[in-house]
Structure formats: C-alpha cells, structure tokens
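# A closer look at the structure
Residues per chain, in single letters:
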Protein chains: 2
Amino acid sequence: MTKAARMSVWLEDSAVRAPRTRRSEQPSGLDRDRITEATVKLLDAEGLAKFSMRRLASELGVTAMSVYWYVDTKDDLLELALDRVFAELTVPAPEAVDAGDWREQLRGLAATYRAVIVRHPWISPQMGNYLNIGPNSLLFSRAVQRVVAATGLSLTRQRGAIASVFQFVYGYGTIEGHFRRRCAEAGLSQDDYFREAMAAFRVPEEMAEDFRQAEEMVAAVEGGQTVEEMRDADFQVALDLLVAGIEALVAAEGPAPS
Amino acid sequence: MTKAARMSVWLEDSAVRAPRTRRSEQPSGLDRDRITEATVKLLDAEGLAKFSMRRLASELGVTAMSVYWYVDTKDDLLELALDRVFAELTVPAPEAVDAGDWREQLRGLAATYRAVIVRHPWISPQMGNYLNIGPNSLLFSRAVQRVVAATGLSLTRQRGAIASVFQFVYGYGTIEGHFRRRCAEAGLSQDDYFREAMAAFRVPEEMAEDFRQAEEMVAAVEGGQTVEEMRDADFQVALDLLVAGIEALVAAEGPAPS
DNA sequence: ACCTGAACACCGTTCAAGT
DNA sequence: ACCTGAACACCGTTCAAGT
C-alpha cells in the first residue's frame, strides 16, 4: 500500500521540526501565527485567485522563500488559514447547549456558520479540500453534534440531519459569498448588480411560466426590497423547513427509549 | 456607473464575431464544441488544479494560442464546460412533472444533481463563480421550480424550499466529490482512506462524548459497511427530512387559495 | 536557526506575424 | 479566417549559499 501524502497539517508531527513559533525575536519577526494572520488578511482583501506566496512574502516585508521555513507548502498554509477563520464562529459551551432549546441552538449555529462563510468567500472551495480537523473546526463540530443529539433523533439519523442543515448552510453561504465578491469586483452594489444581470438576461419565452419566482424577485427589488433582505428571508424559511423536518422525523421514530 | 465586465459567456453577443463553430473543415478541425469536450475530459481526468490552456492545447494537438480564437478567456471556457456537464442531468419534461408526485420528482432531481456533482468534482467551485444561466442549467432550474410549485407552497416560500433542498445537495455532493478525488490521488479506496484518516486522528478526550456518531461510523466500516453505503443512507435520511419539512410548511400555510 | 538569490518548470494572455 | 512564436509578467518550489 502506497504511503499516502500527509493528510492534513494538523496531523503533522510537530515535534519533528522545532516549534515554528518562537517566543524570542526572529530576525524578521516571523512566526506561523503572524504568517497565518497575514494570509487571512490578504485572502479577505484580494481573494484566493490573487493570493500567492510571493505576494504574501512582500506583504510581510520578506523574501518569498522565508515563509517556507514556517510552512511546508502553500496548501498547508491555506489549511491553517481555514481553521483560523473558524475561530470567528460563535460556539456555545456544552453546558450552554444542554441548557437551551435545540431549535434555537441550531438556528444560532447555522447563523454563525453562514456569517463566516459569507465574510470569507475563499473558504468555501477550501473546505472541501481538507479534512477540517483543526481545533476550531472540531469545537464547532462538537457543538453541532451535541445540539443535534438533543433533538432525540436516533444516532444513525443524526448524521443525515446534520448534513441537511449544515450542507445547506454551506451551499447557501457559498453562493452568497461568491455573489458579494462578484459585485465588489464589478464595483456595483448587490442590488445594482442584480438589476444589471436581470436586464441583460431574458428567460426564454417557453420557460417563462416556470420562472415566476424570478419575476417576483425582480418585482420585489424594483419595489425597494434589497437583495440581502430577500436572502435573509429565504434563509429563515429554509431553517423553518429544516427544523420542522427534524421534528417530523423525531415524531416518526416514536418515543425515545429511556 | 462603471461598465461591468461581461457577466457570462452566455450573455455574449454571438453575432459580433463569426459563429465560432464551423460546418466546413478548419485546418486543425477545431471548434467550440470539440474544445469544450476536451476540456471536460481533461478536468475529469486530472482535476481543476492541473488544467491549463497549454495542457489543453497540447491535448488537441495545437498551439496554446489557437484555442483563443474560439474562446476569449480560460474563464469563459470553464463556464462552457460547466454547462456542458449539466447536459448529463436527467430532467423530466414539464408534462412529466405535472403527471407525477412532487415528492418522487424532487428526490429524482436531487439524485441526478448529486450524481453529476460527484462525477465531476471540479464543477463545485465553478458553480459559485458563474451565473449559471447556460441552456442546460436553465432546463434544470425550470424543472426544479415546476416541481416545487407543485407542492402547493406559496410563491415566496418556494425559494427557501428550493434552497434548502438544492443547496444541501450541492454541499453534500461537493464533499463527496472532493473526498473521492482525494482518495484517487492517494491511490486508496474510499474505505481504506477513511480507515487511515481515522487511525491517524484521535478526537481529543474531552470531546469524545460528543463524537459518538464518528465512533459509530468507524465501527460500521470495521463491520464491513462501505463508506459509500453510509453516505447513500445519510443522503436518503436528509431527503426524508426535507420532504417532511416541506409538507409541514405547506400544512402550516393552510389550504391553498383556489 | 533562519533567511536569501538564482534557477526550474510552469502559468494566462498580448501582440505581431504568418498562411 | 485561422493559427503560430516570441514575449511579458507572473506562479510554487528546490537547492545551494549566506549569516
């Protein structure tokens, strides 16, 4: 069996090479933390496509290859950056989870997850690329699992329930984040971009009958509602649906074994 | 207001430059269709990261710049490739939708969508990048909207319902597709990769209590169940949940106005 | 232990030139 | 109308060398 390449930075034997983060002053003041921080800042500002090791190095006032003393590859660095933004997730402590209603808790977790994805659109394509076993990712997973366990759903069905909620939020946040990025790049507000796109594009006649919601959206935006308001509203409807769906599954399973 | 860059290949004024697809023979036998086909083939075989205009050109037995006669940019080409794989979606005709039960139809659409995303993992990051208004994408959207309209849900809530189902499938398929790609790259079966990852990684003790499902998965795989079987099962649970959720929302809205 | 510079094998795309 | 070749301004990463 071929030895697979390292699966994750988080599985690296951190004792092999020195701590990579020093208390004492380096010549350039570099360490993993400062590098990761600068990476996130650059990714937020300029996007994944424009990010490069050379660009990062110049931002840090250092030569391109200096960074490689602290990280093995660009991929490792991106994995570190990914977990770093997950630190922004608002995660309730286990006791707080147990004290609250799962419906509320689930909505809260969905909301914080969505916010982080939308705020950092570059993480969406990254999340699929890594195992997501960084410390902050684990803290979030833990909370998710604890909340869903509190629904009373059987263990086997909990995975499906978690997937339906958080893959939805992932997909929704991804589209949202990308759209915001496109608007920013085009120098347009979300509403203006939406209007321009709708003006440029005509649904083929024979399909018009089935695109009534699109028409409704156009009408709403023209009526003064913002694209963001509509997206918030749709998100809430979806969460209502998901919570109701979980309740239905729980009811269908019958009373939990004591 | 700054004139935004072209929003989509599909909005390009195709009359400006000649049809780009010729009946008669080109010196190299190139046309948009052949180029798009080769692009999909390469992306499937080697992934988005390794795809390049030069690599494509050499596959077509042509110089790198020849391709630029038929497409303006690499981005445009990727947008064409995206809609081309959507041709693989099994989309029921409007009459077929009207004749069937929306529950079944919705499951069918979710299944075909998932299959395409998993088969072509490179499309996930692309879908967010484009407006998805190609002909095949529209055909699918049309069917989705028609099916969800048949649930009896109010027009405003239909968007939330569509999002909950298809953003879920997008997220789920994305993770699945990426996982398969990682396995293929590591030269391991999905089950072996899963086992190796689980062996390499230990959940921190203080969190063990909340990671019972992960334990359950490990036990199931050791018991001979395949990772794919479990994913199929979870997918079905999620669809059950979503269908039940839609039914609950419909019931909560009360009888539809005639 | 940490950082640099030169070099290798790549990119997407422009532009002038060929047929 | 279609295709090529050279060139520009980039990449990630290796490797030998400096301090």
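Model, not experiment: these values are computed from the prediction. (Residues numbered from 1 in each chain as written. Chains lettered and ligands numbered in written order. Predicted model: local features only at pLDDT ≥ 70, side-chain atom pairs only at ≥ 80, totals over all residues. Heavy atoms only, no water.)

### Here we look at the overall build of chain A
- For chain A, the helix and strand inventory stands at 11 helices and zero strands.
- Sequence-ordered secondary structure for chain A, helices as α and strands as β, is α-α-α-α-α-α-α-α-α-α-α.
- Dimensions of chain A along its principal axes, counting C-alpha atoms only, are 65 × 60 × 40 Å.
- Scored against the burial criterion, the 258 residues of chain A give a buried share of 49%. (Helix = DSSP H or I, 4+ residues; strand = E, 2+ residues; numbered from the N terminus. Buried < 20%, exposed > 50% of the residue type's maximum accessible area, 1.4 Å probe, protein only.)

### Comments concerning the UniProt feature "DNA-binding region" (unreviewed entry) in chain A
- Here, the residues flagged by UniProt with the feature "DNA-binding region" (unreviewed entry) are residues 52-71 of chain A.
- Taken end to end, residues 52-71 of chain A is 35% helix and 0% strand, and its first and last C-alpha atoms sit 14 Å apart. (UniProt positions renumbered as here; feature names shortened; annotations may be inferred.)

### Details of the pattern of salt bridges
- One pass over the full model with this rule turns up 44 salt bridges over all chains.
- A salt bridge links Glu216 of chain A to Arg159 of chain B, with the nearest nitrogen and oxygen atoms 3.3 Å apart. Residue Glu216 of chain A is found in helix 10 (residues 212-222), and its partner Arg159 of chain B is found in helix 8 (residues 155-186); the two belong to separate chains.
- The residue Asp101 of chain B makes a salt bridge to Arg103 of chain B at a minimum N-O spacing of 3.3 Å.
- For Asp101 of chain B, a relative accessible area of 31% puts it in the partly exposed group. (Salt bridge = Lys/Arg side-chain N within 4 Å of Asp/Glu carboxyl O.)

### Comments concerning the relation of the copies chain A and chain B
- If you rotate chain A by 180° and push it 0.0 Å along the axis, it lands on chain B with an RMSD of 0.0 Å. What the rotation and shift describe, once combined, is the action of a two-fold rotation axis. (Least-squares fit on C-alpha atoms with pLDDT ≥ 70 in both.)

### Details of the packing of helix 1 (residues 32-50) of chain B against helix 3 (residues 74-86) of chain B
Residue and element names in this part refer to chain B.
- Axis separation between helix 1 and helix 3 bottoms out at 9 Å; the angle between their running directions is 85°. Regarding the angle of helix 1 to helix 3, the classification is roughly perpendicular. Taken together, the residues of helix 3 that come into contact with helix 1 (itself represented by Arg32, Asp33, Ile35, Thr36, Glu37, Thr39, Val40, Leu43 and Leu48) are Leu77, Leu78, Leu80, Ala81, Arg84 and Val85.
- Among the residues making up the contact of helix 1 with helix 3, the classes are represented as nine nonpolar, two polar and four charged. (Axes fitted to C-alpha atoms, helices over the stretch in contact; angles between N-to-C directions. Parallel < 35°, antiparallel > 145°, perpendicular 65-115°, else oblique. Contact = heavy atoms within 4.5 Å. Nonpolar A, V, L, I, M, F, W, Y, C, P; charged D, E, K, R; others polar.)

### Comments concerning the environment of Phe86 of chain B
Residue and element names in this part refer to chain B.
- Turning to its location among the elements, Phe86 is positioned in helix 3.
- By relative accessible area, Phe86 is classed as buried at 5%.
- Remark: the alpha-carbon pair of Phe86 and Thr63, spanning 23 residues in sequence, is separated by 29 Å.
- Phe86 has contacts with Val116, Ile123, Met127, Asn132, Asn136 and Ser137, leaving out every residue within four places of it along the chain.

### Let's talk about the packing of aromatic side chains
- Within this structure, the stated rule accounts for 15 aromatic pairs over all chains.
- Between the aromatic rings of Phe168 of chain A and Phe235 of chain A, the centroid separation amounts to 5.6 Å while the plane-to-plane angle is 25°, which identifies the pairing as stacked. Highlighted residues: Phe168 of chain A in helix 8 (residues 155-186) and Phe235 of chain A in helix 11 (residues 227-253), separated in sequence by 67 residues. Across this residue pair, the class does not change: Phe168 of chain A and Phe235 of chain A are buried.
- When the centroid spacing of 5.1 Å and the interplanar angle of 20° are considered together, the rings of Tyr113 of chain B and Phe140 of chain B count as stacked. You can see Tyr113 of chain B sitting in helix 5 (residues 102-119) and its partner Phe140 of chain B sitting in helix 7 (residues 135-149), a full 27 residues away along the chain.
- A relative accessible area of 11% places Tyr113 of chain B in the buried class. (Phe/Tyr/Trp six-rings, centres within 6.5 Å; stacked < 30°, edge-to-face > 60°.)

### Let's talk about helix 1 (residues 32-46) of chain A
All names here are of chain A.
- Taking 1.5 Å per residue, 15 residues should reach 21 Å; helix 1 reaches 21 Å between its end C-alpha atoms and fits that length.
- Taken together, the buried positions of helix 1 are Arg32, Ile35, Thr36, Ala38, Thr39, Val40, Leu42 and Leu43.
- Tucked inside the fold, the buried residues of helix 1 contact helix 2 (53-59) and helix 3 (74-86).
- For helix 1, the N-terminal cap is Asp31; the gap from its side-chain oxygen to the backbone nitrogen of Asp33 is 2.9 Å.
- At the C-terminal side of helix 1, Gly47 shows a positive phi close to 90°. (Expected span 1.5 Å × (residues − 1). Polar contact = N/O pair within 3.5 Å; in protein donor to acceptor, adjacent residues only side chain to side chain.)

### Points about the domain arrangement of chain A
Residue and element names in this part refer to chain A.
- In terms of domains, chain A is made up of domain 1 (9-86) and domain 2 (96-187 + 226-253).
- Placing the centre of domain 1 and that of domain 2 at their C-alpha centroids yields a distance of 28 Å.
- The interface of domain 1 with domain 2 comprises 15 residues on the first partner and 15 residues on the second.
- Between domain 1 and domain 2, a total of about 1,500 Å² is buried, with carbon and sulfur atoms accounting for 72% of that surface.
- Counting the contacts that link domain 1 with domain 2 gives five residue pairs in polar contact (both at pLDDT 80 or more).
- Counting residues per element, the ones that place at least two in the side of domain 1 that touches domain 2 are helix 1 and helix 3.
- In terms of residue count, the dominant contributor to the side of domain 1 that touches domain 2 is helix 3 (nine residues).
- Here the side of domain 1 that touches domain 2 is composed, by residue class, of 10 nonpolar, no polar and five charged. (Domains from an automatic or database assignment. Buried area = accessible area lost by both parts, 1.4 Å probe.)

### Some points on the interface of chain A and chain B
- Residue-level contacts link 67 residues of chain A with 66 residues of chain B.
- Taking both sides of the interface into account, the surface hidden between chain A and chain B amounts to around 6,300 Å²; carbon and sulfur atoms contribute 65%.
- Interface area lost by chain A to chain B is led by Arg159, Gln213 and Leu241 of chain A, which between them contribute 12%.
- Counting across the chain A and chain B interface gives 10 salt bridges.
- Taken together, the elements giving at least two residues each to the side of chain A that touches chain B come down to helix 6 (123-129), helix 7 (135-149), helix 8, helix 9 (190-200), helix 10 and helix 11 of chain A.
- Per element, the largest residue contribution to the side of chain A that touches chain B is 21 residues, and it comes from helix 8 of chain A.
- Its residues assigned to classes, the side of chain A that touches chain B shows 37 nonpolar, 16 polar and 14 charged.

### Remarks on helix 3 of chain A
Residues and elements named next belong to chain A.
- Taking 1.5 Å as the rise per residue, helix 3 with 13 residues should run 18 Å; its terminal C-alpha atoms sit 19 Å apart, in good agreement.
- With 10 of 13 residues buried, helix 3 lies mostly within the body of the structure.
- Taken together, the buried positions of helix 3 are Asp76, Leu77, Leu78, Glu79, Leu80, Ala81, Leu82, Asp83, Val85 and Phe86.
- Buried residues along helix 3 sit against helix 1, helix 2, helix 5 (102-119), helix 6 and helix 7.

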